[in-house]
Each structure stands twice: as structure tokens, then as C-alpha cells.
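# Examination of the molecular architecture
Listed below, chain by chain, are the residues.
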Amino acid sequence: MKQHPNYSHEHKRFLARHKRKSALILCSQLGLLVFILALWELLAHFNLINTLIMSSPSRILATIGSLYSSGELFYHIGITLYETLLGFAISIVLGGLIAIILWWSDTLRKILDPYIVVLNSLPKIALGPVVIIWFGAGMQSIVVICVLITIIIAVISMLNAFREVDKDKILLMRSMGANKFQILTKLILPASLPQFVSVLKISVGMSWVGSIMGEYLVSSAGLGYLIVYGSQVFRLDLVMASTLILCILACIMYLAVALLEKFVNKKRGL
């Protein structure tokens, strides 16, 4: 949003109310989190819940500290983060290219449309055994599963964004002699930039789902592996600690995309 030096009195009051409301919402969110954690810890301390099953905040922190002391924490985080970021990057780049190709050729889009719908509806976990046989029981399979889960949504979302660009503007550019490549680069891609950022937000969550699902199926390291291992040996503290770390990492990745969105909106003058 563009800043103007001379605000009216009413506008200044509106901005002040908006800031107070935003601060109140943030404080309420943090307060609710603190209340839930404190209540959870108190219930565990007075044995009102079974800590073997429910764990507690202090036990989760102790487990994270133990993983850090043993040197396992950043090793497992690094494995999962690498798989997620690689799958995310491949999905966005490949999904964008496929969306451009389908926009470019309306005939090809109509031919492939039912297959895209089927692939989108198919539970990707069903392809897990096939992926493992094809790519082996290693990181490659996990990245492929992550891509399979993320890419279809990326393709569909970006293609819809391309097709929603104002048809009158496209006709105007054609009437001025613009070719398809010029329409794509000068109109379609810039106009679809806000939707592209929205695709990134969706893909963040999908890529984490994909990498963890892949680690559930085949892995010897990573946060998904720790969750599976913890559940098998009934170490719920390890499961809860790994889940908490996943939430923090996913939140950081989402906030990075949100910052990118603010940057894009600022450049566009919104």
C-alpha cells in the first residue's frame, strides 16, 4: 500500500484502530497458545492425563534437547527439509511449465484434461509401492512422492489463473499484432503473479505432506522417520517433538512465502 504523508484526522484514527485490533488479535493468539500449553502441563503434572499417551510440553522440550545433545536433531531436520524444498521447487517449476504448455495449446489441454482430473482424484499414497520399485528405497522415492502430491494442484491452479486473465486484453494485444509468446510474457504471466503466490502458499503445505508421507513409506532418517519409529516403540514424546518441529518448519516456510506476497503487492502498488 502506498504511503501518503498527509492523512486526514479520520484516516489516522482508522489506522490507529486497525493497529490496536491487529495487536489485540496477536496477543489473543499468543495468550491462547500459552493457556493451552500451561493447562496441558498442569494436567500432566497432577497426573490427570496419561503422560505416556498424551506426553507434556516439558517432556517434549526434554526430548528435543536430547535429540540436540546427541546430534540427531539437525541431521533429521536437514534430511526432511532438503526433501521438502527439492520436491517443492521441482513441483513449482515443472507445474508452471506444464501449465504454460496447456495454456499454449488448447487442443492439448482438452485431450489431457480428463487425465489431470483422474490424477488429481487419485490417492497418491496408492502409487507409493510403484514409486519405491521404480526409484528405489531411498530419498529419490520420497522426493518423487512429494512431487506427485504437489504438482497436480500447482498445474491446475496456475492453468486456471492463466485462463482467467481478461479476454478483452488478450484480444487487444492480438489486434495490435502481438504473437502468443508476447501475450504470455507481457500479459498472462504478470497478470497471474498474485495467483502464483497463492499457488506457492498451497504448495508449501502439500510439499510437507508429500515428504512426510514418503518418509512414512520408506526412510531411515528424517522427521517422518522419527514419527514412525516413535509410534512403533511407543515413544509418544518423540512423536510429539517431531510433530512440533514440523509445525515450526512449515510455519517458517509459509511466512517466507507470505513475505514474498507482500513484496509482490508492494511492487504492484497494492
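Our structure's up above, just so we're on the same page.
## Regarding the state of the cysteines
- The final tally for this structure, using the stated rule, is zero disulfides.
- In this structure C247 is not part of a disulfide, and its nearest cysteine sulfur, from C251, lies 8.8 Å away.

## Quick word on unusual backbone geometry
- A positive phi angle is found at S55, which is not glycine, with a value near 60°.
- Within the secondary structure, S55 is located in the loop between α2 (51-54) and α3 (57-70).
- Backbone geometry places F234, a non-glycine residue, at a positive phi of 60°.
- Note on placement: F234 falls in the loop between α11 (223-232) and α12 (236-267).
- A relative accessible area of 48% places F234 in the partly exposed class.

## With respect to the nonpolar core
- In this structure, W103, I183, I188, L223 and I245 are the most contacted members of the largest nonpolar core, which totals 47 residues.
- Elements with a minimum of two residues in this core: α3, α4 (73-104), α7 (139-163), α8 (167-175), α9 (180-191), α10 (193-217), α11 and α12.
- Of all the elements, α12 adds the most residues to this core, at ten residues.
- Every residue in contact with I188, bar those within four places of it in the chain, is listed here: W103, F162, V165, I170 and I183.

## As for the pattern of salt bridges
- Scanning all chains against the criterion turns up four salt bridges.
- Residues R59 and D237 are paired through a salt bridge, measuring 2.9 Å at the closest nitrogen-oxygen approach. Of this pair, R59 sits in helix α3 while D237 is found in helix α12, placing the two residues 178 residues apart along the sequence.
- Linking D106 and R109 is a salt bridge whose minimum nitrogen-to-oxygen distance equals 2.7 Å. Of this pair, D106 and R109 both sit in helix α5 (residues 106-121), three residues apart, roughly one helical turn.
- The partly exposed category is assigned to D106, whose relative accessible area is 37%.
- On the basis of relative accessible area, R109 is assigned to the buried category, the value being 11%.

## Things to note about the environment of S58
- With respect to the element layout, S58 can be found in helix α3.
- Residue S58 is classed as partly exposed on the basis of its relative accessible area of 36%.
- When the C-alpha positions of S58 and A44 are compared, they lie 9.5 Å apart, and in sequence the two are 14 residues distant.
- A polar contact is formed between the side chain of S58 and the side chain of S56, at a distance of 3.2 Å.

What counts, and where the lines are drawn
Residues numbered from 1 in each chain as written. Predicted model: local features only at pLDDT ≥ 70, side-chain atom pairs only at ≥ 80, totals over all residues. Heavy atoms only, no water. Disulfide = S-S within 2.5 Å. Helix = DSSP H or I, 4+ residues; strand = E, 2+ residues; numbered from the N terminus. Buried < 20%, exposed > 50% of the residue type's maximum accessible area, 1.4 Å probe, protein only. Core = buried A, V, L, I, M, F, W, Y, C linked by side-chain atoms within 4.5 Å. Contact = heavy atoms within 4.5 Å. Salt bridge = Lys/Arg side-chain N within 4 Å of Asp/Glu carboxyl O. Polar contact = N/O pair within 3.5 Å; in protein donor to acceptor, adjacent residues only side chain to side chain.

Remember, this is a structural readout, not a statement about activity or role.
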